[in-house]
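Residues per chain are reported as follows:
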Amino acid sequence: MIGRGSNKFWYIILASFLLWFLLLFFRHSDLQNYNTQVSLYRTHFIDTYESYSVHKSNNNNDKEIKHQSQDIHAKESVVAPIPIEIGSEPKIKKDVRPDNHQKYLTVNETKSINKVFASTDYKNLTSVSVEKINKQPSINGDSDSESCSGRYIYMHRIPRQFNEDLIKHCELLSEWSNMCIFVSNFGFGPRLSDASFVPKTGWFHTNQFMLEVIFHNRMKTYKCLTNDSSLASAIFVPYYAGLDVARYLWDSNNQMKDYNPNSLTKWLRKRPEWKKLSGRDHFLVAGRITWDFRRTTDEASGWGNKLMFLPESKNMTILTIESSPWHANDFAIPYPSYFHPSTDEQVYTWQNRVKNLNRKYLFSFAGGPRPPAKDRIRAKIVEQCRFQTKRCKLLECQDKGNKCYKPVNVMKFFQTSSFCLQPPGDSYTRRSTFDSILAGCIPVFFHPGSAYVQYSWHFPKDYTKYSVFIPEDEVNNGNTSIESVLDKIPKGKRIAMREQVIKLIPGVVYGYPNSSMEILEDAFDISIDGVLERVENIRRNIREGKNVSSVNEEKEEFSWKKNLIGTSAEHDWEKFFRKQ
């Protein structure tokens, strides 16, 4: 009896082992089947995308393809995206492109591809909580070597005084307000939840000067970030230059203004990464306008610091919210807006929302008045808007309870108009430009320095597709009515322009860190592309034996023309860029 009981015990153990083995085998088979389905889905999407793209390229001549070579687009969404037409389209991420060539889709082609998404149940595929197709970024240089080839970036670990300490003592960043609320939440500020004008997710009360904090936090999650500087195509310097200089802008102590810029460049010069190319592969982000870093005098009345005039800075690529038309070492990228999406679907949903709005007013202007002797164009705009109250909406930014500082008011305001007037402010550019684009409102510029020579990486060169240009002198001398100019634009062209504006939205917003935006490129992605391309051009010039160590100041003065038309030839806009 004891022997039989012992055998039963071992029979139970053996049976349990066999059952466990069979369960494990079938779970493994299911996982393999899932991975096979994902692989087949991706192959099906890529093959379909390529077949449509090849078909398109075979039906376009070389001139069209060359003209469109700056545009990249492809969309997939549970929410139906806005129609995609040939032109300036949202860019798609490098690791989802079928190949290294830029492709274009017509409206019919897009509809066909949307059918592919529907047939493959894309929503369910993306919701399965298995390893994502696009893996999370790695800072150890172990990202996919093929997708990161030529795209690795090394980030300097600079002393805390240049970034972290500034955030730690955020109450000292401004003499006029407490900035601590704005540096919170990766630099995006507090979340907005008023669903009456924006969705509950993806929207924040973001300060316009938080770009360097936002960019730094995005860089921490960059897919091709590496700890091995020898792999890097570019090197990022996470210095919060704008927050630093803002503490002393109204101070007469120039030594304090210049202390950190001088200390940082001294630190960089000692680094082995700097010595390799004298900093020509380095870049940093300065979240204020270029004039805050270009003090030309040592007098107490001088404005800003001399960061951009330092020899080391002239070797680096510096990204700002407004660049100088007369210098070659800084490049403008979009002001931070209120929208920071986490998914492609959030972008598509917002695009469809602003596309279908009923816009009551022909044009609108949001801004504070300036003394007429200093800024005549704003006085003329306010005058014309007040005269046409049924066709123009005015939001004056001057009272104590300034409505222009409240995202709710600004976004509601811009969503009611077809055109939004964007005259120069304290400088050429305005954050308002990006708020209006976000609302699907067609911007109207009065100076080419407000956009056309600024955001060359993010805006189409053909400005007539997405904006209206009315020379400010024509308005100032009383010979031009803004209403008349805008009224003459045919309805069909107006609709096409709004479509182009809405298509710009993905490329002018900064996505949330660790977001799952896997298709569209945002402002950060496009900026990185621009930096990598510029550094590669510098390396190419060095390989070809060209002199990159000296800057011809006479030619540099016409940087605006080189960025705009590629040459220094005569241009109709010369009068706008005469140095004063």
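As the structure is a computational prediction, the values presented were derived from the model and not from experiment.

What follows covers the nonpolar core. If you look at the biggest cluster of nonpolar residues, it comprises 106 residues, and the most contacted ones within it are Ile153, Phe215, Met219, Phe283 and Leu486. In this structure Leu486 touches Leu362, Phe363, Phe419, Leu421, Val444, Val468 and Arg494, once residues within four positions along its chain are discounted. The next biggest cluster of nonpolar side chains, apart from the first, holds 17 residues, and it includes Phe162, Val245, Leu264 and Leu307.

Attention now moves to the packing of aromatic side chains. Given two aromatic rings, one states the distance between the centres and the angle between the planes to describe the pair. Scanning the model with the defined rule gives 31 aromatic pairs in all. Summarising the aromatic geometry, the rings of Trp291 and Trp326 are spaced 5.9 Å apart at their centres and angled 50° between planes, so their arrangement reads as tilted. Residue Trp291 is found in the loop between β4 (282-289) and α11 (311-315), and its partner Trp326 is found in the loop between β5 (317-322) and β6 (330-332); the two are separated by 35 residues along the sequence. Ring-pair connections join several aromatic residues into one group, and the members of that group are Phe445, Tyr452, Tyr463, Phe469, Trp573 and Phe576. Taking the ring centre of Tyr512 as reference, the NZ or CZ of Arg191 above it sits at 5.5 Å. The positively charged end of Arg294 is found above the aromatic ring belonging to Phe309, 5.5 Å away from the centroid.

Turning our eyes to something else, we now look at the pattern of salt bridges. Applying the stated rule across the entire model yields 22 salt bridges. Across the pair Asp281 and Arg539 runs a salt bridge, and its minimum N-O distance is 3.7 Å. One end of the pair, Asp281, is in the loop between α10 (272-277) and β4; the other, Arg539, is in helix α19 (residues 523-543), with 258 residues separating them in the sequence. Taken as a pair, Asp281 and Arg539 share a single burial class, namely buried. With its nearest N and O atoms 2.7 Å apart, the salt bridge here joins Arg288 to Asp292.

Attention now moves to helix α13 (residues 376-387). Spanning twelve residues, α13 covers 17 Å between terminal C-alpha atoms, matching the ideal 16 Å at 1.5 Å per step. Buried residues along α13 sit in contact with β7 (361-367), β8 (392-396), β9 (417-422), α16 (472-476) and α17 (482-487).

It is worth spelling out the state of the cysteines at this point. Two cysteines whose sulfur atoms are joined by a covalent bond form what is called a disulfide. Under the counting rule described, the total for this entry stands at four disulfides. Sulfur-sulfur distance for the disulfide between Cys170 and Cys180 comes to 1.9 Å. Torsion about the S-S bond of the Cys170 and Cys180 cystine: about 100°, corresponding to right-handed handedness. Taken together, the positions of Cys170 in the loop between α5 (164-168) and α6 (180-183) and Cys180 in helix α6 put the pair ten residues apart, joining distant regions of the chain. By relative accessible area, Cys170 is classed as buried at 10%. On the basis of relative accessible area, Cys180 is assigned to the partly exposed category, the value being 23%. Disulfide pairing is shown between Cys385 and Cys392; the S-S distance is 1.8 Å. Judged by the sign of its S-S torsion, about -95°, the bond between Cys385 and Cys392 is left-handed. Neither Cys385 nor Cys392 differs from the other in exposure class; each is buried.

Definitions and limits used
- Along each chain, numbering runs from 1 in the same order as the chain's sequence is written.
- For this predicted model, a pLDDT threshold of at least 70 governs which residues receive local features, and a threshold of 80 or more governs which side-chain atom pairs are given and counted, while totals over whole chains, interfaces and linings are taken from all residues.
- For the side-chain quantities, the full set of heavy atoms in the structure was used; hydrogens and water were omitted.
- Nonpolar core, defined: a set of buried Ala, Val, Leu, Ile, Met, Phe, Trp, Tyr and Cys residues in which side-chain atoms within 4.5 Å join the residues together.
- We call a residue buried when its accessible area falls under 20% of the maximum for its residue type, exposed when it is over 50%, and partly exposed in between, using a 1.4 Å probe and counting protein chains only.
- Throughout, a contact is declared for two residues whenever any of their heavy atoms are within 4.5 Å.
- Stacked, tilted and edge-to-face are the three classes applied to pairs of Phe, Tyr and Trp rings, where Trp contributes its six-membered ring and a pair requires centres within 6.5 Å; stacked means planes under 30 degrees apart, edge-to-face means over 60, and tilted covers the rest.
- Runs of E in the DSSP output that reach at least two residues are strands. Runs of H or I that reach at least four are helices, and both are numbered from the N terminus.
- In this scheme, the term charge over a ring applies when either NZ of a lysine or CZ of an arginine sits within 6 Å of the ring centre and within 35 degrees of the ring normal.
- Only one rule defines a salt bridge in this text: a Lys or Arg side-chain nitrogen within 4 Å of an Asp or Glu carboxyl oxygen.
- Working rule for helices: expected span equals 1.5 Å times residues minus one.
- We call a pair of cysteine sulfur atoms a disulfide whenever their separation is within 2.5 Å.

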